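# Breakdown of the fold
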Amino acid sequence: MDLEDMAARLGVPVDDVERVHRRAGDRPSAPLPAKASAPELLDRLAVPPDDAAEVMAGWPDADSPLWTPELRWLLDRSTALVRADLGGHQWLVPGPELPRDRNPAWRHLYVYVYLALLDVVLDYHRAHGVPEAVSWATLADLGRNLAVDRRMRGEGWPVMQSWLTLHWRGGVYELGRLQHHRGDGDALSLHIPDSGPLTPEAVDASLAEARAFFPRHFPDEPYTAFACGSWLLDPQLLEYLPAESNIVRFQRRFDVEPYEAPEGIDADVEVLRFVFRTLTTPLDRLPRRTVLQRAVVDHLQAGRHWHWRRGRFPLQ
């Protein structure tokens, strides 16, 4: 196998191909579900109709001219790479960022990876007694992220393709309003999906569900705290938001401390990603409909920056 030629055909750095080759090795992959069952599965995964139509149009049929040998190799080995870390909870890059404008096969290659691993992760959930409703609510983040990426005109997916490996390895569970991420030492890490108001009542209900869920389904992992690393915990938000806003009340739950964001994460970029779902719109053209939107724009236009902060509070 000529990895340099493979990388050239994929249009990606050879280091990325070598990483997939090294980490996947000869580990087993997983087959895609039957094409006839795919529309129902995509619907259960909350994939929007436009994205579902593209996924079906690019389906890896044996005779599909869209699927070159190097693309089929990457699908197989990326699936093996993610499957090999089943049960893992660290950030994982499933493969190189592809030029997604070529055709639906290229655009949705990692969606096919996740579809191939669907039975694998559902079996993992069943082995831990995870209720089916929690499984599907968790995995439906695939559709939510595809919708966000479409809204962002493709700017969101490079992060999302790695983020979703957490769900497909059993590392993240969506319990009501919050997503709960296993394995951060003695703390469950909280993530906040784009799924409605962050009301104190919704947060309380999710935390209560987590307190019961993890001792029941992962009894060998004793957690003593909830934690969160986010720009939402930046104290500078207190300069702009009302004291009784949902974000401020969420922030008050935590003992906040300075925190160095993961490599490659820029808090200013993440704020723009989540508040406006765009990374390329000039500041003076961003909407100013909400207090938070106005705060973000005014802060950045003043030459200031947002910061990533980490906080904790006791589980009980």
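A brief look at the structure comes next.

Definitions and limits used
Residues numbered from 1 in each chain as written. Predicted model: local features only at pLDDT ≥ 70, side-chain atom pairs only at ≥ 80, totals over all residues. Heavy atoms only, no water. Axes fitted to C-alpha atoms, helices over the stretch in contact; angles between N-to-C directions. Helix = DSSP H or I, 4+ residues; strand = E, 2+ residues; numbered from the N terminus. Parallel < 35°, antiparallel > 145°, perpendicular 65-115°, else oblique. Left-handed = near helix turned anticlockwise from the far one by under 90°. Contact = heavy atoms within 4.5 Å. Nonpolar A, V, L, I, M, F, W, Y, C, P; charged D, E, K, R; others polar. Buried < 20%, exposed > 50% of the residue type's maximum accessible area, 1.4 Å probe, protein only. Arc of directions from axis to C-beta. Polar contact = N/O pair within 3.5 Å; in protein donor to acceptor, adjacent residues only side chain to side chain. Patch = residues over 30% accessible without salt bridge, like charges linked within 9 Å, V, L, I, M, F, W, Y side chains within 5 Å. Areas by Shrake-Rupley, 256 points an atom, 1.4 Å probe, with all protein chains shown as cover. Salt bridge = Lys/Arg side-chain N within 4 Å of Asp/Glu carboxyl O. Lys, Arg positive; Asp, Glu negative; His and termini not counted. Charge placed at Lys NZ, Arg CZ, Asp CG, Glu CD. Core = buried A, V, L, I, M, F, W, Y, C linked by side-chain atoms within 4.5 Å. Phe/Tyr/Trp six-rings, centres within 6.5 Å; stacked < 30°, edge-to-face > 60°. Pairing = 2+ DSSP bridges.

### Here we look at the packing of helix α14 (residues 267-276) against helix α15 (residues 291-301)
It is at 11 Å that the axes of α14 and α15 come closest, and there the two elements cross at 150 degrees. One finds that α14 runs roughly antiparallel with respect to α15. The crossing of α14 and α15 is left-handed. The segment α14 lies against α15, with D268, V271, L272, V275 and F276 engaging L292, Q293, V296, V297 and L300. In the contact of α14 with α15, the residues fall into eight nonpolar, one polar and one charged.

### So, the side chain of N145
Along the chain, N145 turns up in helix α10 (residues 141-151). Residue classification places N145 among the buried residues on the basis of a relative accessible area of 9%. In this view, N145 contacts M160, W163 and L164; residues no more than four positions away in its chain are not counted.

### Let's talk about helix α1 (residues 3-10)
Among all positions of α1, only L3, M6, A7 and L10 are buried. One face of α1 carries all of its buried residues, which in axial projection span an arc of 95 degrees. Exposed residues on α1 whose side chains face more than 90 degrees from its buried face are E4 and A8. Where α1 is buried, its residues meet α2 (14-24), α5 (69-83) and α6 (104-107). Regarding α1, its N-cap is D2, as a side-chain oxygen of that residue lies 3.1 Å from the backbone nitrogen of E4 further along. After α1 finishes, the residue G11 shows a positive phi value of roughly 75 degrees.

### Things to note about a negative patch on the surface
On the surface, D2, E4, D15 and E18 cluster together into a patch of negative charge. The topology assignment puts D2 in the segment before α1.

### A word on the nonpolar core
Core analysis: the biggest nonpolar cluster contains 54 residues, and L10, L45, L109, L142 and W168 have the highest contact counts within it. Membership of the second largest hydrophobic core comes to 23 residues, among which are Y173, L175, F218 and F313.

### Some details on the packing of aromatic side chains
Aromatic ring pairs are reported here in terms of the distance separating the ring centres and the angle at which the planes meet. Inspection of every chain in the model, using the stated rule, returns 13 aromatic pairs. Relative to F218, the ring of Y173 lies with its centre 5.6 Å away and its plane at 50 degrees, an arrangement referred to as tilted. One end of the pair, Y173, is in strand β1 (residues 172-175); the other, F218, is in the loop between α12 (200-217) and β4 (225-230), and 45 residues separate them in sequence. Ring pairs connect the aromatic residues Y173, F213, F214, F218 and Y223, which therefore count as one cluster.

### Looking at the packing of α5 against helix α7 (residues 109-116)
One can describe the packing of α5 onto α7 by two numbers: an axis separation of 9 Å at closest approach and a directional angle of 50 degrees. What the angle tells us is that α5 and α7 run oblique. Where α5 crosses over α7, the two elements pack in a sense that is right-handed. Contacts between α5 and α7 involve L71, L74, L75, S78, T79 and V82 from the former and L109, Y110, Y112, V113 and A116 from the latter. Grouping the amino acids of the contact of α5 with α7 by side-chain chemistry returns nine nonpolar, two polar and no charged.

### Focus: unusual backbone geometry
Phi is positive for A46, close to 60 degrees, though the residue is something other than glycine. As for its placement among the helices and strands, A46 is situated in the loop between α3 (38-44) and α4 (49-57). The exposure class assigned to A46 is partly exposed, which follows from its relative accessible area of 40%.

### So, the pattern of salt bridges
Applying the stated rule across the entire model yields 20 salt bridges. Note that R107 is salt-bridged to E54, the shortest N-O span being 3.1 Å. With a gap of 53 residues between them, R107 in helix α6 and E54 in helix α4 connect regions that are remote in the sequence. Put simply, E174 and R144 hold a salt bridge, and the shortest N to O gap is 3.1 Å. With E174 in strand β1 and R144 in helix α10, this pair connects stretches of sequence that are 30 residues apart.

### A few points about the sheet that holds β1
Strand order across the open sheet formed by six strands is β1-β2-β3-β4-β6-β5, with mixed pairing between neighbours. This sheet does not close on itself; its edge strands, each paired only once, are β1 and β5 (255-258). For this sheet the average axis-to-axis angle between neighbouring strands, irrespective of direction, equals 30 degrees.

Take it as geometry only, folks, not as evidence of what the structure does.
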